[in-house]
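Each chain, written out:
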Amino acid sequence: MGKVYEATVSAPVNIAVIKYWGKRDSALILPTNSSLSVTLSQDHLSTRTTIRASADFPADRLWLNGVEEDIAASKRLVNSITTARKLREALEDKQRRDGIPDEAVVPLSKWKIHVCSENNFPTAAGLASSASGYAALVSALGALYDLPQSTGELSRVARVGSGSACRSMFGGFVAWQAGVADDGNDSLAVQVADRQHWPELQALILVASDKKKAISSTAGMQTTVETSSLFSERVRTVVPQRMEAMKAAIASRDFETFGEITMRDSNQFHAVCLDTYPPISYMNDTSRAVAGLVHAFNAVRGRVAAAYTYDAGPNAVIYALKDDMRDVVELFTSCFPRDDTMLADAFYADPFGVFASPDEAGKRVTDPAVAELAATAGKYAAGSVRRIIHTEVGDGPRILPASQSLLSDVGMPKRARE
């Protein structure tokens, strides 16, 4: 067997604290405003992707979570692969110009590829995987093709697949610069701070629904741009000010400012959606109950100790520092009990040892003031929150060893489903 040309990479999920909503160019996925996100740990949420190139493959093929998909059906996927191939082709041309014999230049840009990708979180978790998916794809292509481009430059390639994917190209805290160039050359991701900068920051994801949303983000954005009078003010004034304030809060590890801006920006994003005509409502009754309970928790604390944010859907992400997160977990597992049909560790895996065992989740609230709040709030219907994921700030894409490849010796998925 000859040399195998393959790369395996894992990439993280990111959750925006300053929201991206609206495009100035839909084909290139150029946003109307800059955005800023927190990259979450791959130990809890990630996509792993293996890509192999071979002169023997007759066609490009793709498997997602064990099921073969039609690559040609996704224009964005084709665009990302085509862009990476052009960068590899330019590298091969340079190698020839530098005097490397033609037979020594491996024409990877001409070979077909097999792509196999899996998430380490269930599809039923109701979490968008496009950001981690495209970041893993582009990072794997970069490694396979030995591309010389920087991570920031490669984030442009990820952007043409899924806008928010460019932010998953880095760990820690990441800004997606909107840019002004028509060709999108200046619309890319930049790391604001790495994961070690603020290790105390944690996140709790409350999955309120795993159903497909009625209005996709792509369609919702376009309608907002065309019809919302609040939207222009957000783009022109609010977001630029919040971007600078958020960067300063992260730099100084000022959670109260970080938390307030996070909640205000989430609220305004959803207000803009409601100002869209016809209005778009992504939050549900559980979403609103979670937000209200966060504000009540902060009132008990006498400060901003927890902060919610919602993307284009009903699922909440609550940020808090480690010292406060234990009380947050106890409060929300108490008020939003699991459905009896779900296993305890599937509902809340407890990776940080908040409870003696996952079975204990929801059975105690240690802090007396928080316990009183839990009693006042009462218990919502079991299963209102379908799953709770506890995680922390994480790193960017990781190049994995060949032992973690998702493809067999013949380049087919090791785990395939009909």
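Residue numbers run consecutively from 1 along every chain, following the written order of its sequence. Given that the model is predicted, a residue must reach a pLDDT of at least 70 before its local features are reported, and side-chain atom pairs must reach 80 or more before they are shown or counted; all residues, however, enter totals for whole chains, interfaces and linings. Excluded from the side-chain calculation are hydrogens and water; included are all heavy atoms of the structure.

Looking at the pattern of salt bridges
For step 1, the next point in the chain: Salt bridge criterion: a side-chain nitrogen from Lys or Arg within 4 Å of a carboxyl oxygen from Asp or Glu. What the rule picks out here adds up to 23 salt bridges.
For step 2, the next point in the chain: Glu 92 is the partner of Arg 88 in a salt bridge, and the nearest nitrogen-oxygen pair spans 2.8 Å. A residue pair is termed a helical-turn pair when its members lie 3 or 4 positions apart in one helix, as Arg 88 and Glu 92 do in helix α1 (residues 75–97) at four residues. This pair shows no difference in class: Arg 88 is buried, exactly as Glu 92 is.
For step 3, the next point in the chain: Salt-bridge contacts for Arg 234 lead to Asp 265; the nearest nitrogen and oxygen are separated by 2.9 Å. Here Arg 234 is found in helix α5 (residues 229–251), whereas its partner Asp 265 is found in helix α6 (residues 255–275), with 31 residues between them in sequence.
For step 4, the next point in the chain: Partly exposed residues are those whose accessible area sits between 20% and 50% of the maximum for their type, while under 20% is buried and over 50% is exposed, using a 1.4 Å probe and protein chains only. Exposure remark for Arg 234: the relative accessible area of 2% places this residue in the buried category.
For step 5, the next point in the chain: Here the residues in one salt-bridge network are Arg 301, Arg 303, Asp 324, Asp 327 and Asp 367, joined through shared partners. Each helix corresponds to a stretch of at least 4 residues labelled H or I by DSSP, and each strand to a stretch of at least 2 residues labelled E; elements are numbered beginning at the N terminus.

A short note on the side chain of Ser 334
For step 1, the next point in the chain: Relative to the elements of secondary structure, Ser 334 occurs in helix α8 (residues 322–335).
For step 2, the next point in the chain: Owing to a relative accessible area of 9%, Ser 334 belongs among the buried residues under this scheme.
For step 3, the next point in the chain: With residues up to four places along the chain from it excluded, the contact list for Ser 334 reads Gly 362, Val 365, Ala 374 and Lys 379. We call two residues in contact whenever any of their non-hydrogen atoms come within 4.5 Å of each other.

Considerations on the pairing of strand β7 (residues 61–64)
For step 1, the next point in the chain: Pairing of β7 with strand β9 (residues 112–119), which is carried by four bridges, proceeds in the parallel orientation. Its bridge partner being in β9, Leu 64 is matched across the sheet by Ser 117.
For step 2, the next point in the chain: Here β7 runs beside strand β8 (residues 67–69); their pairing, made up of three bridges, is antiparallel. Looking at the pairing, Trp 63 lines up with Glu 68 of β8.
For step 3, the next point in the chain: One requirement defines pairing of two strands: DSSP has to find at least two bridges between them. Linking β7 back to β8 in an antiparallel pair, the connection comprises two residues, with Asn 65 at a positive phi of about 50°.

Here we look at the environment of Gly 378
For step 1, the next point in the chain: The topology assignment puts Gly 378 in the loop between α10 (368–377) and β15 (387–392).
For step 2, the next point in the chain: Here Gly 378 falls in the partly exposed class, since its relative accessible area comes to 23%.
For step 3, the next point in the chain: Along the backbone, Gly 378 and Cys 335 are 43 residues apart, and their C-alpha atoms lie at a distance of 6.0 Å.

Topic: the nonpolar core
For step 1, the next point in the chain: In this description, a nonpolar core means a group of buried Ala, Val, Leu, Ile, Met, Phe, Trp, Tyr and Cys residues linked to one another through side-chain atoms lying within 4.5 Å. Phe 258, Tyr 319 and Phe 332 are the most contacted members of the largest nonpolar core, which totals 67 residues.
For step 2, the next point in the chain: Leaving out residues up to four positions away in the same chain, Phe 332 has contacts with Leu 206, Val 290, Leu 293, Val 294 and Ile 318.
For step 3, the next point in the chain: Formed by 44 residues, the second largest nonpolar core is a distinct cluster that contains Trp 21, Ile 81, Val 138 and Leu 144.

Things to note about the environment of Val 294
For step 1, the next point in the chain: Along the chain, Val 294 falls in helix α7 (residues 285–301).
For step 2, the next point in the chain: Not counting residues up to four positions away in its chain, the partners in contact with Val 294 are Met 263, Ala 306, Ala 307, Tyr 308, Ile 318 and Phe 332.

Here we look at the packing of aromatic side chains
For any pair of aromatic rings, the description rests on two quantities: the centre-to-centre distance and the angle between the ring planes.
For step 1, the next point in the chain: Aromatic pairs are defined between Phe, Tyr and Trp rings, using the six-membered ring for Trp, whenever the two ring centres lie within 6.5 Å; interplanar angles under 30 degrees are classed as stacked, those over 60 as edge-to-face, and all others as tilted. Counted under the stated rule, the structure contains 13 aromatic pairs.
For step 2, the next point in the chain: Judged by centre distance (4.6 Å) and plane angle (65°), the rings of Tyr 20 and Trp 176 are edge-to-face. Taken together, the residues span a long stretch of sequence, with Tyr 20 in the loop between β2 (14–18) and β3 (23–25) and Trp 176 in strand β10 (residues 173–176) at a distance of 156 residues.
For step 3, the next point in the chain: Aromatic side chains Tyr 348 and Phe 355 sit 6.1 Å apart centroid to centroid with 85° between the ring planes, which places their arrangement in the edge-to-face category. Comparing Tyr 348 with Phe 355 shows no difference in burial state: the two are buried.
For step 4, the next point in the chain: Among the aromatic residues, those joined into a cluster by ring pairs are Phe 173, Trp 198, Phe 255, Phe 258 and Tyr 319.

A few points about the sheet that holds strand β16 (residues 398–400)
For step 1, the next point in the chain: Ordered in space as β8-β7-β9-β6-β1-β16, the six strands form an open sheet in which the pairing is mixed. The sheet is open, and its two borders are formed by β8 and β16, each paired with just one other strand. For this sheet the average axis-to-axis angle between neighbouring strands, irrespective of direction, equals 25°.
For step 2, the next point in the chain: In terms of strand pairing, strand β1 (residues 5–12) meets β16 through three bridges, oriented antiparallel. Axes here mean lines fitted to C-alpha atoms, for a helix over just the part in contact, with angles spanning 0 to 180 degrees between N-to-C directions.

Topic: unusual backbone geometry
For step 1, the next point in the chain: Each neighbour pair has its own omega, and for Tyr 277 with Pro 278 the value is -5°, a cis peptide bond.
For step 2, the next point in the chain: Relative to the assigned elements, Pro 278 resides in the loop between α6 and α7.
For step 3, the next point in the chain: If you check the backbone angles, Asn 65 has positive phi at about 50° while not being a glycine.
For step 4, the next point in the chain: You can see Asn 65 is positioned in the loop between β7 and β8.
For step 5, the next point in the chain: Assessed through its relative accessible area of 26%, Asn 65 is described here as partly exposed.

Just geometry here; none of it tells us what the structure is for.
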